[in-house]
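Each chain is listed here by its residues.
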Amino acid sequence: MALSATLTPPSSPKFNLYAKIRRPFFPHSVTSPNPLKIRASTTLDYSNVSTNDKSSPLKTSNWQWKFKENLINIYYEEHVKESPEPSQNILMMPTISDVSTVEEWRLVAGDIAQRNGNVNWRATIVDWPGLGYSDRPKMDYNADVLEKFLVDFINSPNGPIKQSENDLIIFGGGHAASIVVRAAKKGLVKPKAIAAVAPTWAGPLPIVFGRDSNMETRYGLLRGTLKAPAVGWMMYNMLVSNENAIQSQYKSHVYANPENVTPGIVESRYALTKRKGARYLPAAFLTGELDPVTSREEFLELFAALEGKTPVLVVSTKGSPKRSKAEMEALKGAKGVSKFVEVPGALLPQEEYPALVAEELYQFLQEYFGTVA
């Protein structure tokens with residue numbers, strides 16, 4: 001998740017490679033105002049909300065992504081209710097972190113897919129290349145690479161997403177949300193709507209230590225060390241790939257309530273850190289290579305560009321780390337943000353409070369694309 005690093009601030013001439021990483025391997029948020037707006041920080045009554053007990057039919061599969069000289073197997077899942085009626089596609093992109101996984105969206109996907117209404121929802125969750133159950137080749141990961149993957153996954157004629165023009169809704173968490181919005185701003189994808197859940201844009205180290213030239217040099221050194229054959233694994237195992245570190249990270253800032261961090265969650269995430277190539281993408285995320293923008297101003301500009309074009313829901317959280325929370329709050333009332341809501345949780349509300357997040361997302365869908373049954 002996040003490295004709680006003992007890196008010295010920009011003013012120091014030394015770069016301490018020893019990191020006690022606790023700051024989230026999950027990023028931080030934003031704001032924006034006007035057309036396509038349901039003005040307000042709407043809050044639903046959650047007293048009767050519960051996770052749908054009936055799990056939706058689940059299909060798991062792999063899709064092969066060709067990127068440069070690499071053929072990368074991409075893992076994805078589909079949740080859909082059996083029905084003779086056509087379905088509307090939702091793509092759910094996991095929050096980017098060292099232990100990112102489709103698992104964080106499963107309960108939300110199942111909940112929405114099983115709802116009874118005048119629209120049948122088909123939810124597809126996909127693991128990013130380099131994360132989750134997708135292949136993790138050794139390559140230079142950055143925000144452009146992940147954006148390219150997102151665009152190819154959505155637009156490929158032989159891809160899992162069967163859609164007509166402007167017929168896809170995208171939900172993304174953390175950095176994933178910002179990458180989706182950036183791709184939409186460029187016109188590379190044309191979603192019907194976007195939901196940004198606990199959106200972030202700055203990697204764990206840049207948000208703390210900044211991005212001046214001295215720090216960028218140090219980040220490059222750390223990134224190279226983490227990717228190195230022997231010492232890289234050693235450092236990765238010390239900082240990330242151990243159950244105590246994962247449990248500590250989840251309890252301190254990934255989840256809002258430490259009691260919600262179960263042994264099963266820790267074991268599941270620990271297993272992901274042992275997959276072949278597990279350290280390559282996290283090395284890029286930690287040091288800011290996956291940041292889609294470099295400032296709050298640029299972050300707000302991403303959302304502003306969608307004003308009047310695409311409905312955008314921002315789901316902020318009550319228990320996010322201070323810096324992450326500030327970025328989320330910046331999106332409240334910001335241009336291009338159609339609706340802003342707040343739910344319990346921290347950096348992974350879709351997994352910690354799936355029923356509440358599913359309810360907010362479903363209400364958003366109904367407000368724009370249908371009537372609640």
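This is a predicted model, so every value here is computed, not measured. (Residues numbered from 1 in each chain as written. Predicted model: local features only at pLDDT ≥ 70, side-chain atom pairs only at ≥ 80, totals over all residues. Heavy atoms only, no water.)

J.: Help me understand the nonpolar core, please; the structure alone is not making it clear to me.
T.: It is characteristic of soluble globular proteins that their nonpolar side chains tend to be buried jointly. Counting 53 residues, the largest nonpolar core has Leu91, Met93, Ile96, Trp128 and Phe303 as the members making the most contacts within it. Not counting the four nearest positions on each side in its chain, Trp128 is found in contact with Met93, Pro94, Ile96, Ser100, Ser134, Leu146, Phe149, Leu150, Ala176 and Ile179. Counting residues in hydrophobic clusters, the runner-up holds 28 residues, among them Ala123, Ala195, Leu313 and Val315. (Core = buried A, V, L, I, M, F, W, Y, C linked by side-chain atoms within 4.5 Å. Buried < 20%, exposed > 50% of the residue type's maximum accessible area, 1.4 Å probe, protein only. Contact = heavy atoms within 4.5 Å.)

J.: Before we go on, may I ask you to explain helix α2 (residues 143-155) in this structure?
T.: Counting along an α-helix, one turn takes 3.6 residues, and residues three or four places apart therefore face a common direction. Between its first and last C-alpha atoms α2 spans 18 Å; for 13 residues at 1.5 Å apiece the expected length is 18 Å, and the two agree. Burial of α2 is extensive: 10 of the 13 residues sit out of reach of the surface. Of all the residues in α2, the buried ones are Ala143, Val145, Leu146, Glu147, Phe149, Leu150, Val151, Asp152, Phe153 and Ile154. Where α2 starts, the residue carrying a side-chain oxygen 3.0 Å from the main-chain nitrogen of Asp144 turns out to be Asn142. (Helix = DSSP H or I, 4+ residues; strand = E, 2+ residues; numbered from the N terminus. Expected span 1.5 Å × (residues − 1). Polar contact = N/O pair within 3.5 Å; in protein donor to acceptor, adjacent residues only side chain to side chain.)

J.: Is there a simple way to explain the confidence of the model for the chain in this structure?
T.: Any region with low pLDDT has predicted coordinates that should not be read closely. Per-residue pLDDT for the chain has a mean of 86; in total, 83% of the residues score no lower than 70. Predicted confidence is poor over residues 1-55, with pLDDT under 50, and the contacts of this stretch with residues over four places away or in other chains come to 234 contacts. (pLDDT = per-residue confidence, 0-100.)

J.: Quick question: what am I supposed to make of the packing of aromatic side chains here?
T.: Pairs of aromatic rings are described using the distance from one ring centre to the other and the angle between the two planes. Counted according to the given criterion, the structure contains 14 aromatic pairs. Aromatic rings pair up to connect Trp63, Trp65, Phe67, Tyr76, Trp128, Phe149 and Phe153 into one cluster. The ring of Tyr362 is capped by Arg115, whose NZ or CZ atom sits 4.5 Å from the centre of that ring. (Phe/Tyr/Trp six-rings, centres within 6.5 Å; stacked < 30°, edge-to-face > 60°. Lys NZ or Arg CZ within 6 Å of the ring centre and 35° of its normal.)

J.: How should I be thinking about the side chain of Arg115 in this particular structure?
T.: In this structure, Arg115 sits in the loop between α1 (106-113) and β5 (120-126). Within the structure, the side chain of Arg115 is placed 2.7 Å from the side chain of Asp111, a separation counted as a polar contact. Aside from chain neighbours lying at most four places away, what touches Arg115 is Lys81, Ala358, Glu359 and Tyr362.

J.: Where do I start with the pattern of salt bridges in this structure?
T.: Once their charged atoms are close, side chains differing in charge can pair, the charge on each being opposite to the other. One pass over the structure, following the stated rule, counts 18 salt bridges. Note that Asp140 is salt-bridged to Lys227, the shortest N-O span being 3.0 Å. Taken together, the residues span a long stretch of sequence, with Asp140 in the loop between β5 and α2 and Lys227 in helix α5 (residues 213-227) at a distance of 87 residues. The exposure class of Asp140 is exposed, given its relative accessible area of 60%. Here Glu289 makes a salt bridge to Arg223, at a shortest N to O gap of 3.8 Å. (Salt bridge = Lys/Arg side-chain N within 4 Å of Asp/Glu carboxyl O.)

J.: Can you help me understand the pairing of strand β9 (residues 339-343) in this one?
T.: In terms of residue burial, β9 counts as a mostly covered element, since 4 of its 5 residues are buried. As paired strands, strand β8 (residues 312-317) and β9 are joined by 5 bridges and run parallel to one another. Across the sheet, Val315 pairs through a bridge with Val341, a residue of β9. A crossover links β8 with its parallel partner β9, the connecting element being helix α11 (residues 322-329), and its sense is right-handed. (Pairing = 2+ DSSP bridges. Right-handed = clockwise from strand over helix to strand, strands pointing away.)

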